[in-house]
Amino acid sequence: MGVDQAEEGVVLRRRGCSCTKDDFLPEESFQSWGNYVKALKETPFRLADRVLSRSMDSTELVDMKARSQNEMKKTLNWWDLMWFGMGAVIGAGIFVLTGQEANEDAGPAVLLSYVVSGVSAMLSVFCYTEFAVEIPVAGGSFAYLRVELGDFVAFIAAGNILLEYVIGGAAVARSWTSYFATLCNHDADDFRIKAHGLSENYSHLDPIAVGVLAVVCVIAVLSTKGSSRLNYVASIVHIVVILFIIIAGLANANTANYTPFTPYGPRGIFKASAVLFFAYVGFDAVSTMAEETKNPGRDIPIGLVGSMVVTTILYCLLALTLCLMQPYGQIDKNAPFSLAFEAVGMSWAKYVVAAGALKGMTSVLLVGAVGQARYLTHIARTHMMPPWLAQVNEKTGTPVNATVVMLAATAVFALFSDLDILSKLLSISTLFIFMLVALALIVRRYYVSGVTTKVNRIKLIAFLVFILGSSIATSIYWAKSEGWVGFVITLPVWFLATFGLWYFIPQARNPKIWGVPLVPWLPSASIAINMFLLGSIDRHSFERFAFWTGVILVYYFFFGLHASYDTAKEYEKKGLELDGTQLKKFEEGNESSLVKDSESGGYGGDSGKGSAVLGK
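Numbers given to residues run from 1 along each chain, matching the order in which its sequence is written. This being a predicted model, a pLDDT of at least 70 is required before a residue's local features are given, and a value of 80 or more before pairs of side-chain atoms are given or counted; all residues contribute to the totals for chains, interfaces and linings. To obtain the side-chain values, all non-hydrogen atoms of the structure were used and water was disregarded.

Asks: Mind showing me how you'd approach the overall build of the protein chain here?
Replies: For the protein chain, the helix and strand inventory stands at 22 helices and six strands. Considering only residue pairs separated by 6 or more positions, the protein chain has 81% of its internal contacts joining residues 24 or more positions apart. The Shrake-Rupley method, run with a 1.4 Å probe sphere, supplies the accessible areas, and residue values consider only the shown protein chains as cover. As displayed, the protein chain has an accessible area near 23700 Å², and 66% of this comes from carbon and sulfur atoms. What counts as a helix is a DSSP run of H or I of at least four residues, what counts as a strand is a run of E of at least two, and both are numbered from the N terminus. Should any heavy atoms of two residues lie within 4.5 Å, those residues are considered in contact.

What follows is the structure in structure tokens.
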């Protein structure tokens, strides 16, 4: 079925499914068992090649996009992106986890937890924004990391990016069921099926969550602009409901409920911050829409930063309102706002809250579906994932295959998994990726092959080691100790390393359109705070994270490595054949492969092989 047959020069396609093996494994290493065995024997050499390889800006902007057969339609402006940003973020996190963390970890100080998480998210937003403006492609952080930290690091991040979106969508879909149950005057488990043969955390099957994801999938594949308009309308309704909650809630405030303010101490505040970071997840989906943005240089900074500022303010006001309405110990963990209104005698208001929460979570699911499909599309363009997933539908201008596959995986997680497990695992994945993007931004500014001297390269490596080492040490000390002596050592080391980077090494590249302010201080602070928050997450979540990382590494060593290696060499060969020189090495290269940046008069966004690992 679906095999092409050549007859007298005419290609005929059989009816039925058009997918063949070559849609999934077209590379030379998979053409025969002999080729595959040979590829496996070369795994150490190929791995070294991929670890040492960096992509180029031009590769991501031109060559990678060409592998999707059709281009995505440029239909979005800053207004669309701003509403996409709010629609992506304001959902299950604020409406569910606020009650859970106020009750268990932070008390009324959950307000400060949102401030800490918001600062961390805002630092990451700035880092993402510069990359999205300079490299406006659907790959988001995967593409940025390929350019600055190399193929292998990008793949590790890619696996966790996909996990982030699948888990995030599953968590929101299950929360959708909880608020729908509230709207129907039922308990959430009334709409779930108990599977007695499974463990407790995975035994409450949620068919409604699966149904919601199926509807979202249909909308997402039809049109990006249509998804934007639907999100726009839903987000307006959502904002109106949020304003109602704040105004009506503060009208029923009791300041006595804010005493004691920090019942669980500073540790509880930061522990809640690590979990509540889940509430800010989603803004990175906006960066994946850069390829469909009319004017990335103007629209992306306004859309990303603007939506995050509004979101942070609303989150803090909502947390303040909730804890003023009810004592923290009485706040419900599953539907806190709805039941808080019921507790103050406004039972009818819980229906308004539930309806608004459903609108918000629907927006989060829709924007997540759009964003996650674009991540997977760009990953598949490199052949680290099957290239079938990179195809863009000619009629809709959307990546239909990637959208369906990602939402199918999300539906499986949503059917089985508990929200608490999902939210903590998601926070680890997200904080890890945001830390890598901040690191990549420092590398982008301070290292350009052929421009940065060998001495400055060595200094850069040393300062980055101290920044990462001190941040990790701070996180571990926070997780293991109740004291403060360790911070007297680790924090000055971080400060001096960042100062040394700022004072002793000149920047090798200036952004052409829009750049992050206060480099290296801002991205270095992003690294430190993301690592610090990781120290507040429980051991079992890290075990699940390690297990998933192990799974994606097994896939990479047996499939992704060889597919991406073959593809890189094929496109490199094509590049050499085009101009007969060493000037266009598509996937990697050496210092002679730099492309002269006519705008800046220096060597711009195309750095070569040796620059992936700064020590080469």
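Asks: It is not clear to me how the packing of helix 5 (residues 78-89) against helix 14 (residues 296-325) should be interpreted in this structure. Could you clarify?
Replies: How two helices sit against one another is set out by the angle between their axes and by the gap between those axes. Under this scheme, a helix contributes an axis fitted over its contacting stretch, all axes are lines through C-alpha atoms, and angles between N-to-C directions fall in the 0 to 180 degree range. Running from N to C, helix 5 and helix 14 cross one another at 35 degrees; their axes reach a closest spacing of 8 Å. The crossing of helix 5 and helix 14 is right-handed. Residues Trp-78, Leu-81, Met-82, Gly-85, Met-86 and Val-89 of helix 5 touch helix 14, and the partners they reach there are Arg-298, Asp-299, Ile-300, Ile-302, Gly-303, Gly-306, Ser-307, Val-310, Thr-311 and Tyr-315. Taken together, the residues that form the contact of helix 5 with helix 14 break down as nine nonpolar, five polar and two charged. Should the near helix be turned anticlockwise from the far one by less than a right angle, the crossing is left-handed, and should it be turned clockwise, the crossing is right-handed. Three classes are used, and their members are as follows: Ala, Val, Leu, Ile, Met, Phe, Trp, Tyr, Cys and Pro are nonpolar, Asp, Glu, Lys and Arg are charged, and the others, Gly among them, are polar.

Asks: Whenever I open this one, a nonpolar patch on the surface confuses me. Can you help?
Replies: Put simply, a patch holds well-exposed residues, over 30% relative accessible area, that have no salt bridge, with like charges counted together within 9 Å and Val, Leu, Ile, Met, Phe, Trp or Tyr side chains within 5 Å. Salt bridge, as used here, is a side-chain nitrogen of Lys or Arg placed within 4 Å of a carboxyl oxygen of Asp or Glu. Judged by side-chain polarity, Trp-78, Trp-79, Tyr-232, Val-233, Ile-236, Val-237, Val-240 and Ile-302 come together as a nonpolar surface patch covering roughly 640 Å² of accessible area. Listing elements by their share of the nonpolar patch, those giving two or more residues are helix 5 and helix 11 (224-251). The element best represented in the nonpolar patch is helix 11, accounting for five residues.

Asks: Which parts of the structure should I look at to understand helix 3 (residues 43-51)?
Replies: Thr-43, Arg-46, Asp-49 and Arg-50 are the residues of helix 3 that are buried. The arc that holds every buried residue of helix 3, seen down its axis, measures 125 degrees, which confines them to one face. Turned more than 90 degrees away from the buried face of helix 3, the exposed residues are Pro-44 and Phe-45. Only protein chains enter the area calculation, which uses a 1.4 Å probe; residues under 20% of their type maximum are buried, those over 50% are exposed, and those in between are partly exposed. The arc in question is traced by the directions running from the helix axis to the C-beta atoms.

Asks: So what exactly am I meant to see when it comes to the side chain of Ser-141 here?
Replies: With respect to the helices and strands, Ser-141 occurs in helix 8 (residues 141-148). On the accessibility criterion, Ser-141 (0% relative accessible area) is buried. In this structure, Ser-141 is in contact with Tyr-128, Ile-161, Tyr-375, Ile-433 and Val-437, ignoring residues within four places of it in sequence.

Asks: I keep staring at helix 14 and nothing clicks. Help me out?
Replies: Because the α-helix completes a turn every 3.6 residues, residues three or four places apart line up on one side. Here helix 14 is 30 residues long and its end C-alpha atoms lie 43 Å apart, about the 44 Å a rise of 1.5 Å per residue gives. Counting buried positions along helix 14 yields 23 of 30 residues, so the element is predominantly enclosed. Expected helix span is taken as 1.5 Å per residue step, with the number of steps being one fewer than the number of residues.

Asks: Would you take a moment to explain the packing of aromatic side chains for this structure?
Replies: Any aromatic ring pair is given by two values, namely how distant the centres are and how the planes are angled relative to each other. Here is the rule: rings of Phe, Tyr and Trp (six-membered ring for Trp) pair when centre to centre is within 6.5 Å. Planes less than 30 degrees apart are stacked, more than 60 are edge-to-face, and the remainder are tilted. Inspection of the entire model under this criterion finds 35 aromatic pairs. Members of the aromatic cluster, connected to one another through ring pairs, are Phe-30, Trp-33, Tyr-36, Phe-152, Phe-155, Tyr-555, Tyr-556, Phe-557 and Phe-559. The ring of Trp-478 carries Arg-267 above its face, with NZ or CZ at 4.1 Å from the centroid. Counting as a charge over the ring demands two things of the Lys NZ or Arg CZ atom: a distance within 6 Å of the ring centre and an angle within 35 degrees of the ring normal.

Asks: Would you take a moment to explain the pattern of salt bridges for this structure?
Replies: It is possible for side chains of opposite charge to pair when their charged atoms get near one another. The final tally for this structure, using the stated rule, is 14 salt bridges. As a salt-bridge pair, Arg-54 and Glu-148 come within 2.5 Å of each other at their nearest N and O atoms. Of the two residues, Arg-54 is situated in the loop between helix 3 and helix 4 (57-66) and Glu-148 in helix 8; the sequence distance between them amounts to 94 residues. A relative accessible area of 0% means that Arg-54 is categorised as buried. When its relative accessible area of 0% is taken as the criterion, Glu-148 is described as buried. For Arg-298, the salt bridge goes to Asp-299, with nearest N and O atoms at 2.8 Å. One connected set of salt bridges, linked through shared partners, spans Asp-49, Arg-50, Arg-146, Asp-151 and Lys-569.

Asks: What exactly am I supposed to notice about the environment of Val-125 here?
Replies: Along the chain, Val-125 falls in helix 7 (residues 110-134). Since its relative accessible area comes to 0%, Val-125 is described here as buried. With residues up to four places along the chain from it excluded, the contact list for Val-125 reads Phe-283, Leu-304, Val-305 and Met-308.

Asks: For this particular structure, what's the right way to read unusual backbone geometry?
Replies: It is generally the case that most residues other than glycine have a negative phi and that most peptide bonds are trans. In this structure, Pro-260 follows Thr-259 across a cis peptide bond, with omega equal to -5 degrees. By the secondary structure assignment, Pro-260 is in the loop between helix 11 and helix 12 (265-276). Look at the link from Val-519 to Pro-520: it is a cis peptide, with omega at 10 degrees. Tracing the backbone shows Pro-520 in the loop between helix 20 (485-504) and helix 21 (521-534). The phi dihedral of Leu-518 is positive, around 60 degrees, even though this residue is not glycine. Relative to the helices and strands, Leu-518 is located in the loop between helix 20 and helix 21. We classify Leu-518 as exposed; its relative accessible area is 63%.

Asks: So what exactly am I meant to see when it comes to the packing of helix 9 (residues 151-183) against helix 17 (residues 400-416) here?
Replies: Here helix 9 crosses helix 17 at 50 degrees, and the two axes come no closer than 8 Å. When the axes of helix 9 and helix 17 are compared, the pair comes out oblique. The handedness of the crossing between helix 9 and helix 17 is right-handed. Contact residues: Leu-162, Tyr-165, Val-166, Ile-167, Gly-169, Ala-170, Ala-173 and Arg-174 in helix 9; Met-406, Ala-409, Thr-410, Phe-413, Ala-414, Leu-415 and Phe-416 in helix 17. Residues belonging to the contact of helix 9 with helix 17 are distributed by class as follows: 12 nonpolar, two polar and one charged. Under this scheme an angle from 65 to 115 degrees is roughly perpendicular, one under 35 degrees roughly parallel, and one over 145 degrees roughly antiparallel; angles in between are oblique.

By themselves, these are just geometric observations and shouldn't be taken as functional.
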